[in-house]
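Below, each chain spelled out in residue letters.
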Amino acid sequence: MMPKLDIDDENYNFFVQESLDLLQCLESGILTLRQEHSINKIHSLMRIAHSIKGGSACVGLTGIQTLAHHLENTFKVLYQENIEVDQELEELLLQAYDSLRSPLLAQIQTGECDTDADHEKLKQICAQIEANLGANLAEETESKAAETDEDIAQVLFAEDVARGLECWEMLLSNPQMPELVEKLKIQAEVFASIGQFLNLPSFVAIAQTTISALQINPQAVKTIGKLAAKDFRAIQTAVLAGSRSPNIKPCSELVNLAKCASQNATNVNENVPPEAEKEPNPKLGVRVDLERLELLNNLVGDLVTQESSFILQQQQQKEIVETISQRLNRLNKLTRNYLSRGAAKHRQLPIALEHTVAEEIAHLQAALQDIIVAQQQVQQIIKKRQQTLKQLQTNLLHARMLPIGNLLNRFSRMVRDLAVKNHKQINLQLVGMNTLIDKAILEKLYDPLIHLVRNAVDHGIETPSVRQANGKSATGTITIRAYHRGNYTYIELQDDGQGIDEEKIVRRAIALNWLSSSEAETLPKNRLYEYLFAPGFSTAAKVSELSGRGVGLEVVRLQVNGLKGDISVTSCREKGTKFTLRLPFTLTITKLLVFGVDAKILAIPVDSLVAIAAVTEPQIITDGEQQYYSYQGQIVPVYSHFLPSAYSYPCTPPEKKQYKGSCPWQEAGKAFLLLISGKNQIIALKIDRILIEQDLAIKPFGDAIAPPPYLYGCTILGNGNLVPVIDGTELAGWLQQHKPIQTHPI
C-alpha cells in the first residue's frame, strides 16, 4: 500500500489533471497502432509513459512510477520492423495499459492505491508478449536503446524540455511568487529524471547542482534560476544539433552557490547574459476550478440583472425629464399668453415680478438642458458598459467550454471491446472533436451517450457474415458528429446497420395494449419511434449484457431533458439509424422574450421560438372549440389559456408604462402567437402582449420548490420582478399530452 499523500497540494493537483489527459492520449495511441505503426507513434507512446513516470516521481507515487517505467520499456519492443500489431497484441498492450490506469485512477479518486497486484499482472502480460513475439523484452529493450535513444532525445528536448524551460522562465518572471524555490526544485527534478532516462550525465549534473544551490542559497533564487536556465539551454541546443553526449558542465558560479552559503548571493549576476533578461514571457494555459467558474458565472448573471435594473431606471428618468420639459414649455407658453393679455388690457405685472418669472424660466430651461446633456453622457457610458459586460460574458462562457473530444475519445476503447466481445467488426468515426460545449453539460452527457453507443453495437451493427450477405462491408461504422447551429449544440450518433424494425415496435406496442391495429396502420414513423422512449419498452427478444431491459432510451431522454435538450430518431431499414441530441449552448445567460398571458407574466428563450406572429382574429381558424393557424402552409394548433391552474405564477404588473419603448411588438387589434417546435409538430401559444426582449440570467429553482416539468428556472427583471422561464419544447410536449388537439381536417 502506497503512503497517503496530501491531495490538496498544488503539485499533486496539477499531476492529477495532467495524468488524466495523458491516460486518454495513451489509450488513443494504442488503439490506432494497427493503422499507424510508425517510429513517431512509438516515440509518442513512450513519451507519454515517461511523462506519467516523471510526474508520479515528483509527487512521491513510486508504485505508479515503476508501472509507468515498465510500460515505457514494453513499448520499446515495438520498434522491431517485423512486428505486426494484430488484435491479440493490441489486446495485450491495452491490458498492460490497464495495469497502469487502474491504480492511477484509484489514487485520483480515493487518494491512495495498492500497486502490488498490478505489478504482478504487468509481469504476466509482459511474459505473454514475449511468448507471442518470440523475444525477450529485457534484451530487446537493451538492444534497441542505443538505436532509439537518439531519436527519443530529440523529441524529448524539442517538446518536454522546451515546455519545462518555458515554465522555468515564467516562474522567474515573478520572483515574488510564494514557494518559488520549491517550484523550481520540482522542475529541476523533472529535468534530472529526463537526463537519467536518456543517459545524459551532464544534464543530470546541472539539475542536481541547481537543486543543491536552491537548498543552500534560497535567497539567491533568481540568480540561481538564471544561471541554471543558461546551462539547460546550452544542453538543449547541443542535443537538438545532434550531439549525443554534450560535454557541458554546470557553470562555476552555479557550482559555488551549490557548495556554500553566500552572503552576497543575491548580487551574483555578472555572468548572466543580458539576452535572458529580454526574453518574452511564454503564453501558458491555466486550469481553473469549475466551482470558481460557477461563482464567476453567477456574478456575471447578477451584473446582467443589475444592468437591466439600471437601464430601466434610466428609462424612467428619461421619461421624467421629458415630462418636466413638456410642463416647462407649457408654463412658458401660459406665462407668455398671460403677459400678452395683461399688456392688451393695460394691466401689466410689476416689472420686477415679470423679470423674476422670466429669469426663473430661463434658469429652469438651462438646468433642464444640463440634465439632457448629462443623460446623453450617461447613455454613452451605459452603451460602453453593455459592450464590456457582453465581452466579459462571452469570454467567461468560452472559459467554461471544453472540446467535446474530451468526452468522445473515451468511446474508442469501449466500442473496440464491445465489438470484440460480440464478434463484430466496427469502425468508430468521431467528427467535430473541437466543438466546444459547456463543461456542466459535457459532464452529464457521458451516460446518455453510453446508452446510445451500446444500443448501436447491439441493435444496429450486424455481424460480418450478415452484413456481407446483405451486400455490405464486413465492418460496420458508427459515427458520432458534433456541431453548432445557432445557439444550440447538436450531437448525432449514426450507424450503418440494420435500422429500426417498425413491425417489431408495432407488435410490441399492441401486445402492451398501447396501440390498436387500426391506429398502427395510420401512425407516422416519428410517432411510432416515440414508443422506443417509453418506460419498460424493448423489442429485444432476450435480455443481454447490452440491452433488453427496456430502460435504456427512457433514461437517455430523461437525462437529455434534464439538460434542457431534446432527442429525436430517424431510421431506414437496412440503411441504419440516427439519434440526434439538441442541447442549449449554455444553461445560464440567454436572450429571453418576456410576455403576459391571462394576467400572468412569463419568459421564454428566443432561440426556442420558430416565429412570432401578430394576427387578426379572422386569421385564426376555428373548428368547434379548437383553433388553428396556417403557418407557411402548415396547420398549427393554437393553445389559449394554456397555463394549468394548479400552479401560481407572478401577475403582470399594472404599470404598463414601465416597459414603454422596450419592445417593438405593439400592434393594435392584433393577437400575438408564439410558434414553438414540439417533439412531433409546431404549436402556437396565444398570448396577450409582449413586454420586453432582453439578455437575462436564468437561475435554477431551489430544492424547496417542485416546479412543473416545462420550466427552466426563473429570471429577475430590471424592476425586480421574478419571472418563470418556459422550456418551449417541454411545454409543447406537455400540452400535447394533457390537452390533446386532433389533427385539423383541412
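Just so you know, these numbers come straight off a predicted model, no measurement behind them. Each chain has its residues counted from 1, following the order in which its sequence is written. Since the coordinates come from a predicted model, pLDDT governs what is reported: local features require at least 70, and pairs of side-chain atoms require 80 or more to be given and counted, while whole-chain, interface and lining totals use all residues. Hydrogens are left out, water is left out, and the side-chain values use all remaining heavy atoms of the structure.

Secondary structure elements are taken from DSSP: a helix is a run of H or I of four residues or more, a strand is a run of E of two residues or more, and numbering for both begins at the N terminus. When its secondary structure is counted, the protein chain shows 23 helices and 18 strands. Across the protein chain, every contact between residues at least 6 apart in sequence was considered, and the portion connecting residues at least 24 apart equals 73%. Here a residue-residue contact requires only that any non-hydrogen atoms of the pair lie within 4.5 Å.

Note that patches include only residues with greater than 30% relative accessible area and no salt bridge, and the join distances are 9 Å for like charges and 5 Å for nonpolar side chains (Val, Leu, Ile, Met, Phe, Trp, Tyr). To be clear on the numbers: accessible area is Shrake-Rupley with a 1.4 Å probe, and residue cover counts the displayed protein chains and nothing else. Salt bridges are counted wherever a side-chain nitrogen of Lys or Arg sits within 4 Å of a carboxyl oxygen of Asp or Glu. A surface patch of nonpolar side chains, about 270 Å² in accessible area, is lined by Leu295, Leu296 and Leu299. Within the fold, Leu299 resides in helix H12 (residues 290-344). The class of Leu299 is partly exposed, set by a relative accessible area of 45%. Only protein chains enter the accessibility calculation, which uses a 1.4 Å probe; a residue is then buried when its area is under 20% of its type maximum, exposed when over 50%, and partly exposed in between.

Another aspect to go through is the sheet that holds strand E7 (residues 576-584). Taken together, the five strands give an open sheet; going across it, the order is E2-E4-E5-E7-E6, and neighbouring strands pair in mixed fashion. Both edges of this open sheet fall to strand E2 (426-431) and strand E6 (566-572), since each of them pairs with a single strand only. Neighbour-to-neighbour, the strand axes of the sheet open up by a mean angle of 15°, direction not taken into account. Strand pairing is assigned whenever DSSP identifies at least 2 bridges connecting the two strands. Inspection of the sheet shows strand E5 (residues 488-495) paired to E7 by eight bridges, in the antiparallel sense. Looking at E7, one finds that Glu492 is bridged to Thr580. Only the stretch in contact is used when fitting a helix axis, every axis being a line fitted to C-alpha atoms; angles between N-to-C directions are given from 0 to 180 degrees. Sheet contacts for helix H15 (residues 411-421): E2 and strand E4 (476-485); angle to E2, the most-contacted strand, approximately 165°. Sheet strands touched by helix H17 (residues 446-460): E2, E4, E5, E6 and E7. Its angle to E5, the strand with the most contacts, is close to 20°.

With that out of the way, let us pick up the packing of helix H2 (residues 39-58) against helix H3 (residues 62-76). For the pair H2 and H3, interaxial distance at closest approach is 8 Å and the crossing angle is 165°. Between H2 and H3, the interaxial angle falls into the category roughly antiparallel. Between H2 and H3 lies a crossing of left-handed hand. Facing H2, whose interface residues are Ile42, Leu45, Met46, Ala49, His50, Ile52, Lys53, Ser56 and Ala57, H3 presents Ile64, Gln65, Ala68, His69, Glu72, Phe75 and Lys76. Side-chain classes follow a simple rule in which Ala, Val, Leu, Ile, Met, Phe, Trp, Tyr, Cys and Pro form the nonpolar group, Asp, Glu, Lys and Arg form the charged group, and the remainder, Gly included, forms the polar group. Taken together, the residues of the contact of H2 with H3 sort by class into nine nonpolar, four polar and three charged. When describing relative orientation, an angle under 35 degrees is termed roughly parallel and one over 145 degrees roughly antiparallel, while 65 to 115 degrees is termed roughly perpendicular and anything else oblique. Handedness of a crossing is defined here by the sense of rotation of the near helix relative to the far one, left-handed for an anticlockwise turn of less than a right angle and right-handed for a clockwise turn.

So, on to the environment of Thr616. In this fold, Thr616 is placed in the loop between strand E10 (609-615) and strand E11 (620-623). Judged by its relative accessible area of 25%, Thr616 falls in the partly exposed class. Sequence-distant contacts of Thr616, that is, excluding residues within four places in its chain, are made with Gly669 and Lys670.

Another aspect to go through is the nonpolar core. Throughout this description, the term nonpolar core refers to a set of buried Ala, Val, Leu, Ile, Met, Phe, Trp, Tyr and Cys residues connected via side-chain atoms within 4.5 Å. Formed by 48 residues in total, the largest nonpolar core has its most connected members in Phe411, Leu445, Leu449, Leu452 and Ile491. If we skip the residues at most four places from it in the chain, Leu449 touches Leu407, Leu408, Phe411, Ile491, Leu493 and Leu581. Formed by 41 residues, the second largest nonpolar core is a distinct cluster that contains Val16, Leu71, Val77 and Leu122.

It is worth spelling out the environment of Thr580 at this point. Note on placement: Thr580 falls in strand E7. Through-space distance from the C-alpha of Thr580 to that of Gln494 is 8.5 Å; in sequence the pair is 86 residues apart. Excluding residues within four positions of it along the chain, Thr580 makes contact with Tyr490, Ile491, Glu492, Asp566, Ile567 and Ser568.

A separate point is the pattern of salt bridges. Counted according to the given criterion, the structure contains 22 salt bridges. One salt bridge in this structure joins Lys525 and Glu502, with 3.7 Å as the shortest N-O distance. Linking Lys525 in helix H21 (residues 525-529) with Glu502 in helix H19 (residues 502-511), this pair joins segments that are 23 residues apart in sequence. Lys525 sits in the partly exposed class, given a relative accessible area of 44%. Within this structure, Glu27, Arg34, Glu90, Glu91, Asp98, Arg413, Arg416 and Asp417 form a network of salt bridges that share partners.

Let us now look at the pairing of strand E13 (residues 634-639). Here five bridges tie strand E12 (residues 626-631) to E13, and the two strands are oriented antiparallel to one another. Residue Tyr628 lies in a different strand from E13, and its bridge partner there is Pro637. Adjacent in sequence and paired antiparallel, E12 and E13 are bridged by two residues, among which Gln632 carries a positive phi angle near 50°.

Turning our eyes to something else, we now look at the packing of aromatic side chains. Classification of ring pairs rests on two measures: the distance between centres of Phe, Tyr or Trp rings, Trp counted by its six-membered ring, which must be within 6.5 Å, and the angle between planes, read as stacked under 30 degrees, edge-to-face over 60 and tilted in between. This structure, assessed with the given rule, holds ten aromatic pairs. Among the aromatic residues, ring-to-ring pairing joins Phe157, Trp168, Phe191, Phe203 and Phe232 into one connected group. Only lysine NZ and arginine CZ atoms are considered, and such an atom sits over a ring when it is within 6 Å of the ring centre and within 35 degrees of the ring normal. Its guanidinium or amino end placed over the ring of Tyr490, Arg485 lies 5.4 Å from that ring's centre, counting from NZ or CZ. When the ring centre of Tyr488 is taken as origin, the NZ or CZ atom of Arg582, which lies over that ring, is 4.2 Å away.

Take the confidence of the model for the protein chain next. Per-residue confidence from the predictor is reported as pLDDT, a score between 0 and 100. Per-residue pLDDT for the protein chain averages 78, and the proportion of residues at 70 or more is 80%. Below a pLDDT of 50 lies the segment residues 143-147, which in the model reaches four contacts outside its immediate sequence neighbourhood of four places, other chains included.

This brings us to the pairing of strand E18 (residues 722-726). In terms of burial, E18 is largely enclosed, as four of its five residues are buried. In terms of strand pairing, strand E17 (residues 711-716) meets E18 through five bridges, oriented antiparallel. Bridged to Ile716 within E18 is Leu722.

What follows covers the sheet that holds E13. In space, the six strands of this open sheet follow the order E10-E14-E15-E13-E12-E11, with mixed pairing throughout. The outermost strands of the open sheet, each flanked by one partner alone, are E10 and E11. Taken pair by pair, the neighbouring strands of this sheet meet at an average axis angle of 35°, ignoring direction.

This part is about H3. Since one α-helical turn is 3.6 residues long, residues separated by three or four positions face the same way. Look at H3: 21 Å from first C-alpha to last across 15 residues, which is about the 21 Å you get at 1.5 Å a residue. Looking only at H3, the buried set comprises Gly63, Ile64, Leu67, Ala68, Leu71, Glu72, Thr74, Phe75 and Lys76. By this rule the span expected of a helix is its residue count minus one, scaled by 1.5 Å.

Before going further, it helps to examine helix H9 (residues 221-240). Over its 20 residues, H9 extends 28 Å from the first C-alpha to the last, a length consistent with the 28 Å expected when each residue adds 1.5 Å. The element H9 is largely enclosed, with a buried count of 14 among its 20 residues. Positioned one or two residues after H9, Gly242 has a phi angle of 115°, which is positive.

Tracing the backbone through its elements, the reader meets Gly432 in the loop between E2 and strand E3 (436-438). Gly432 gets classed as partly exposed once you look at its relative accessible area, which sits at 26%. Along the sequence, Gly432 and Ile491 sit 59 residues apart, while their C-alpha atoms lie 9.3 Å from each other.

Viewed as axis vectors pointing N to C, H9 and helix H10 (residues 252-259) meet at an angle of 135°, and their least axial separation amounts to 9 Å. The pairing of H9 with H10 is recorded here as oblique in orientation. In this structure, the crossing between H9 and H10 has a hand that is left-handed. Contact residues: Thr223, Ile224, Leu227, Ala228 and Asp231 in H9; Glu253, Leu254 and Leu257 in H10. Of the residues in the contact of H9 with H10, the class split is five nonpolar, one polar and two charged.

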